[in-house]
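# Structural overview
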Amino acid sequence: DLAGTNITSDGVGTLKACPSLEVLLLDGTRVDDSCLNALQKIGSLRRVSLFDTGVSVDAVDEFRQLRPLVRVDVGGVSTERKPWGQETLGSDRD
């Protein structure tokens, strides 16, 4: 759980060294779209939460296309389109 910490997108890149990482909470952090590139490399990842971050809706859409089995929880993401609100993306919706 890295929610509320000072982790950046660069720091997320170091998490690929955690081969059993399945759930990652990044709520309220300074991560942006580039963190999703690093997350794509974590094969064990099953869920990521990105509430109140700098990740855009477009980046989430692209990530979901590339990793459809990873649940992505978003809200308060930066976007010029309609905000996500409290929606959940992924194939295993609640």
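Everything numeric in this text was worked out from a predicted model, so none of it was measured. Position numbers for residues start from 1 in each chain and track the written sequence from start to end. Reporting in this predicted model follows two pLDDT cut-offs: at least 70 for local features of residues, and 80 or more for side-chain atom pairs to be given and counted; totals over whole chains, interfaces and linings ignore these cut-offs and use all residues. Each side-chain value is derived from all of the structure's non-hydrogen atoms; neither hydrogens nor water enter the calculation.

## Focus: the pattern of salt bridges
- One speaks of a salt bridge when a side-chain nitrogen belonging to Lys or Arg is within 4 Å of a carboxyl oxygen belonging to Asp or Glu. Per the counting criterion, the structure on display carries 2 salt bridges.
- Two residues, aspartate 73 and arginine 47, come together in a salt bridge whose shortest N-O distance is 2.7 Å. In this pair, aspartate 73 sits in strand β3 (residues 71-75) while arginine 47 sits in strand β2 (residues 47-51), placing the two residues 26 residues apart along the sequence.
- By relative accessible area, aspartate 73 is classed as buried at 2%.
- By relative accessible area, arginine 47 is classed as partly exposed at 26%. Counting from the N terminus, the helices are DSSP H or I runs at least four residues long and the strands are E runs at least two residues long. With a 1.4 Å probe rolled over the protein chains alone, any residue whose accessible area is under 20% of its type maximum counts as buried; one over 50% counts as exposed, and the rest are partly exposed.

## Details of the confidence of the model for the protein
- Taken over all residues, the pLDDT of the protein has a mean of 82, while the share at 70 or more is 80%.
- Per-residue pLDDT, averaged within each element of the protein, yields its smallest value for strand β4 (residues 88-89) (44) and its largest for strand β1 (residues 23-25) (95).
- Every residue carries a pLDDT, the predictor's confidence in it, which falls somewhere between 0 and 100. The contact criterion used throughout is that any non-hydrogen atoms of two residues lie within 4.5 Å. pLDDT under 50 marks residues 78-94. Its contacts with residues more than four places away, or in other chains, come to 40 contacts.

## A few points about a negative patch on the surface
- Only residues above 30% relative accessible area that lack a salt bridge enter a patch, with like-charged residues linked at up to 9 Å and the nonpolar side chains Val, Leu, Ile, Met, Phe, Trp and Tyr linked at up to 5 Å. In this description, accessible areas are obtained by the Shrake-Rupley approach with a 1.4 Å probe, and a residue is regarded as covered only by the protein chains that are shown. Within this scheme the basic residues Lys and Arg register as positive and the acidic residues Asp and Glu register as negative, but His and the chain ends are omitted. Taken as the charge location is NZ of Lys, CZ of Arg, CG of Asp or CD of Glu. Taken together, the side chains of Asp10, Asp32, Asp33 and Glu62 present a region of like negative charge at the surface.
- Along the chain, aspartate 10 falls in helix α1 (residues 9-12).

## Section: helix α3 (residues 57-66)
- The set of residues buried in α3 consists of Val57, Ala59, Val60 and Phe63. What you see down the axis of α3 is that its buried residues fit within an arc of 160°, all on one side. Of all possible arcs, the one meant is that of the directions from the helix axis to the C-beta atoms.

## Points about the environment of glycine 54
- Within the secondary structure, glycine 54 sits in the loop between β2 and α3.
- On a C-alpha basis, the gap between glycine 54 and serine 9 in space is 9.8 Å, while along the polypeptide they are 45 residues apart.

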